[in-house]
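Now for the letters of each chain:
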Amino acid sequence: MTTRHLPPPAPTRRAAPVLRITATAVPSTVLILHLAGEIDQDQRAALEDALGTAVEARPPQLIVDLSGLTFCDSTGLNALLKARLAAQAADIDLLITAPPRPRRKAAEDHGHRPPLHHPRQRPSRPERPTDGPDSPAGRRAAMSSELKTSTRHIGRAVVCVFAGDLHQGTADEAQQALDRALGDLPTVLAVDLSGVELLASGGLNTLLRARTAAADRAVPTVLVAPAAPVRRVLEVTDAAGLFPVYATAEEAARHGEEPSAPRA
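Every residue gets a number counted from 1 within its own chain, in the order that chain's sequence is written. With the structure being a predicted model, the display of local features is reserved for residues of pLDDT at least 70 and the display and counting of side-chain atom pairs for 80 or more, all residues being used for whole-chain, interface and lining totals. Working from all heavy atoms in the structure, the side-chain values ignore hydrogens and water.

## So, the overall build of the protein
Point 1. Working definition: helices are DSSP H or I runs of at least four residues, strands are E runs of at least two. Numbering for both runs from the N terminus. Of the regular secondary structure elements, the protein holds 8 helices and 10 strands.
Point 2. Exposure is judged per residue with a 1.4 Å probe applied to protein chains only, and the accessible area is read against the type maximum: over 50% gives exposed, under 20% gives buried, and values in between give partly exposed. Within the protein, the proportion of its 264 residues that are buried is 44%.
Point 3. Between two residues, a contact is recorded if the distance between any of their heavy atoms is within 4.5 Å. Pairs at least 24 residues apart make up 67% of the contacts formed inside the protein by residues separated by at least 6 positions.

## Considering the nonpolar core
Side chains of nonpolar character tend, in soluble globular proteins, to be buried together.
Point 1. The biggest cluster of nonpolar side chains holds 29 residues, and the ones touching the most others in it are Phe162, Leu166, Leu189 and Leu193.
Point 2. Those elements that place two or more of their residues in this core are α2 (74-89), β7 (157-166), α5 (171-183), β8 (189-199), α6 (201-216) and α7 (228-236).
Point 3. The residues contacting Phe162, other than those within four sequence positions of it, are Leu147, Lys148, Thr149, Ala174, Ala177, Leu178, Val191, Asp192, Leu193, Gly195 and Val196.
Point 4. We define a nonpolar core as any set of buried Ala, Val, Leu, Ile, Met, Phe, Trp, Tyr and Cys residues linked to one another through side-chain atoms lying within 4.5 Å. Judged by nonpolar contacts, the second largest core, of 25 residues, contains Ile39, Leu69, Ala83 and Ala87.

## Remarks on α2
Point 1. The span one expects for a helix is its residue count, reduced by one, times 1.5 Å. Its 16 residues place the ends of α2 23 Å apart at the C-alpha level, agreeing with the 22 Å of an ideal helix rising 1.5 Å per residue.
Point 2. When we look at burial in α2, the residues that qualify are Ser74, Thr75, Gly76, Leu77, Asn78, Ala79, Leu80, Leu81, Ala83, Arg84 and Ala87.
Point 3. Just downstream of α2, Asp91 is the residue with a positive phi angle, here 60°.

## Examining the packing of helix α1 (residues 44-56) against α2
Point 1. To get an axis, a line is fitted to the C-alpha atoms, and for a helix only the part in contact is used. The angle between two axes follows their N-to-C directions and goes from 0 to 180 degrees. Running from amino to carboxyl end, α1 crosses α2 at an angle of 15°, the nearest separation of the two axes being 10 Å. The angle between the axes of α1 and α2 places the two elements in the roughly parallel class. For the pair α1 and α2, the sense of crossing is right-handed. Contacts between α1 and α2 involve Arg44, Leu47, Glu48, Leu51 and Val55 on the former and, on the latter, Thr75, Gly76, Asn78, Ala79, Leu80, Lys82, Ala83, Ala86 and Ala87.
Point 2. Tallied by class, the residues present in the contact of α1 with α2 amount to 8 nonpolar, 3 polar and 3 charged. An angle counts as roughly parallel when it lies under 35 degrees, as roughly antiparallel when it exceeds 145, as roughly perpendicular when it falls between 65 and 115, and as oblique in every other case. Handedness of a crossing follows from how the near helix is turned relative to the far one, being left-handed for an anticlockwise turn of less than a right angle and right-handed for a clockwise one. In the scheme used here, Gly and all other residues not listed as nonpolar or charged are polar, with Ala, Val, Leu, Ile, Met, Phe, Trp, Tyr, Cys and Pro taken as nonpolar and Asp, Glu, Lys and Arg as charged.

## Observations regarding the pairing of strand β9 (residues 221-224)
Point 1. Of the two faces of β9, the one carrying Thr221 and Leu223 and the one carrying Val222 and Val224 are both buried.
Point 2. The pairing criterion for strands is at least two bridges between them, as found by DSSP. With 4 bridges joining them, β8 and β9 adopt parallel strand pairing. Counted as the bridge partner of Ala190 is Val222 from β9.
Point 3. Sheet topology note: the β9/strand β10 (residues 245-246) ladder contains 2 bridges and is parallel. Along β10, the bridge assignment pairs Leu223 with Val245.

## Observations concerning the sheet that holds β8
Point 1. If you trace the 5 strands from one edge of the open sheet to the other, you get β6-β7-β8-β9-β10, paired in mixed fashion. A strand with exactly one partner marks an edge of an open sheet, and here the two such strands are β6 (147-154) and β10.
Point 2. Sheet topology note: the β7/β8 ladder contains 8 bridges and is parallel. Residue pairing in the sheet places Leu166 in a bridge with Leu199 of β8.
Point 3. Along the sheet, α6 makes contact with β7, β8 and β9, crossing β8 at roughly 175°.

Shape descriptors only; they carry no functional weight alone.
Dropping the structure here:
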């Protein structure tokens, strides 16, 4: 196993670098990037270079360890999501480990929930057989209550309606609703985000996975009436161009239809 320290980003007005990146490689097995400090616009180039170099190395698995971060704004979210798409295209298993809860406050104060997602294959952990509010089951139930889902049909199109917060804690519930909708083999999969107050990376990853699964079935995925904060997340992560957007579910259900000929 080899460990090397990447050069810090160019000096800023601060006395010391605010982002430290360490790469640890196990040949033919895994490459781990450890990030420590803060991520904002000043560190964007260094972070994107490190992630790009890691993807170009084509390890079987790439782990980005964020446990040392004390702050991460939308710049970090953007870079991580771009790396995720690049890793997917290169057939690399990318896992992003989330920071401990006490370190997340700075990002939340900045107007973003933690832009992180947990590994796709989580290790099983024993849980106490209790459903109290402080138990794992109780915490999951509390997070699930932050998102309400419903489904309706408009012709052969299916509309998934989400209301509340769409993030890592509610991603499973959203994914289940989207999977059920795709099971009907609709002509269009429309996701109504008019009631979504927060879209974090866990929710965005869910939308991207649903889009990929729908494309495999030749089903287009469109969005309905996302609010301004949700549009902003889509824009800063370069995901806006992946989803056609409609003002109403009825308009979304007609996606791809030929326009009606004007009356004589």
